[in-house]
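# Structure assessment
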Amino acid sequence: MDFKSEVMKVLITGGTGFIGVKLKNTLVEKGYQVHVLVRDVSKYSSSLQVKYFEWNTQSLTIDSNAFEGVEAIINLAGKNINCRWNTKNKQEILESRLRASKTLYNFLSTNSHQVKHILHASAIGIYPSSLHNQYDENQEEFNNAFLGSICQQWEKANTSFEQLGIKNAFVRIGLVLDSKKGALPEMKKLVAFGIGNRLGTGKQYYSWIHQADLVRLMLHIVENQLQGVYNGVASDPITQFEFNNELALVLKKKFWIPQIPTLLFKIGLGERSQLLLDSQYVMNQKILDSGFTFQFTNVQAALKEIFK
């Protein structure tokens, strides 16, 4: 059954973030009514299709009107990981996610509602870094470094929604390709200066996804009320060396400084260097088996569309 034929209202947490804004706009284009939870509702203007409601994850409070008619939730809330990974920020990255989920759970467990399905964002950083292994959703060994630990704790906390009879799904997101947000603009700067077709060894695998496909994939999960874990990556994992050279080809640039040693990254970025230096070759057969088709299956085609 087409979920969209019955559900016309979707609630988004993190709806003002990078992916959240694109998701909100796509939902509107498809005719959905969208409710977005924000910290300060006075900063936003509601319309017929998009309405903003206030919540406070510190006090665990939420405007009950946000749930009126809502049957699906997409939970993207959490502090951006693209910051210094000092003690304070690392704690906020974790707590912002856990408290957002707890705020939702507290309301749904103590109030009447129509919510049938909830989709949570996670990341492929949950998988161990490896130059040789390939990971699908059945992987039971996880990455105990910071990002992997965050994903494990958040996914574990979000399984609690199943106790409420709500269908629960997770999307483990790979390297999201977008011209203005995420890691790609920073990588573009390096290539523009002819620096680093190898960051570290260059052998590490990047499991990537075009931002448009990620939004479509999330809607596919919601519209079909899919449950369980799904990898949000395209079918073409590529080594970092290959990725950087494809990016240089699309941007029509040449490399003058071919390699940046691993040690320099670790000195400059500290623990956060794992975002560029870790290797995860991630499979997407499960989402393909559910009937989803990717628009961008080749990294060169994806990069050409992004920088057209």
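A brief report on the enclosed structure follows.

Criteria and thresholds
Residues numbered from 1 in each chain as written. Predicted model: local features only at pLDDT ≥ 70, side-chain atom pairs only at ≥ 80, totals over all residues. Heavy atoms only, no water. Phe/Tyr/Trp six-rings, centres within 6.5 Å; stacked < 30°, edge-to-face > 60°. Helix = DSSP H or I, 4+ residues; strand = E, 2+ residues; numbered from the N terminus. Buried < 20%, exposed > 50% of the residue type's maximum accessible area, 1.4 Å probe, protein only. Lys NZ or Arg CZ within 6 Å of the ring centre and 35° of its normal. Core = buried A, V, L, I, M, F, W, Y, C linked by side-chain atoms within 4.5 Å. Contact = heavy atoms within 4.5 Å. Salt bridge = Lys/Arg side-chain N within 4 Å of Asp/Glu carboxyl O.

What follows deals with the packing of aromatic side chains. The geometry of an aromatic ring pair comes down to the distance between the two centres and the angle between the two planes. Inspection of the entire model under this criterion finds 8 aromatic pairs. Here the aromatic rings of Tyr105 and Phe161 are separated by 5.8 Å at their centres, their planes lie at 80°, and the arrangement is edge-to-face. Of the two residues, Tyr105 is situated in helix 3 (residues 87–110) and Phe161 in the loop between helix 4 (146–158) and strand 8 (167–173); the sequence distance between them amounts to 56 residues. Judged by relative accessible area, Tyr105 falls into the partly exposed class, the value being 21%. For Phe161, a relative accessible area of 0% corresponds to the buried category. Taking the ring centre of Phe146 as reference, the NZ or CZ of Lys90 above it sits at 5.0 Å. Sitting over the face of the ring of Trp154, Arg97 holds its NZ or CZ atom 5.7 Å from the ring centroid.

Turning our eyes to something else, we now look at the nonpolar core. Nonpolar side chains tend toward joint burial in soluble globular proteins. Within the largest apolar cluster, 60 residues are counted, with the highest numbers of intra-cluster contacts made by Leu23, Leu177, Met218, Ile221, Phe243, Leu247 and Leu303. Tallying contributions element by element places helix 6 (residues 211–223) first for this core, with 7 residues. Setting aside residues up to four positions removed in sequence, Met218 forms contacts with Ile19, Leu23, Leu76, Leu119, Val171 and Ile173.

All told, the structure shown has 10 salt bridges when counted by the stated rule. Lys79 is the salt-bridge partner of Glu92, the closest N and O atoms lying 3.5 Å from each other. With Glu92 in helix 3 and Lys79 in the loop between strand 5 (72–75) and helix 3, the pair connects residues that are 13 residues apart, well separated along the chain. Residue classification places Lys79 among the partly exposed positions, given a relative accessible area of 27%. Lys308 serves as the salt-bridge partner of Glu305, at 3.4 Å between the closest nitrogen and oxygen. Linked through salt bridges whose partners overlap, the residues forming this network are Lys79, Lys88 and Glu92.

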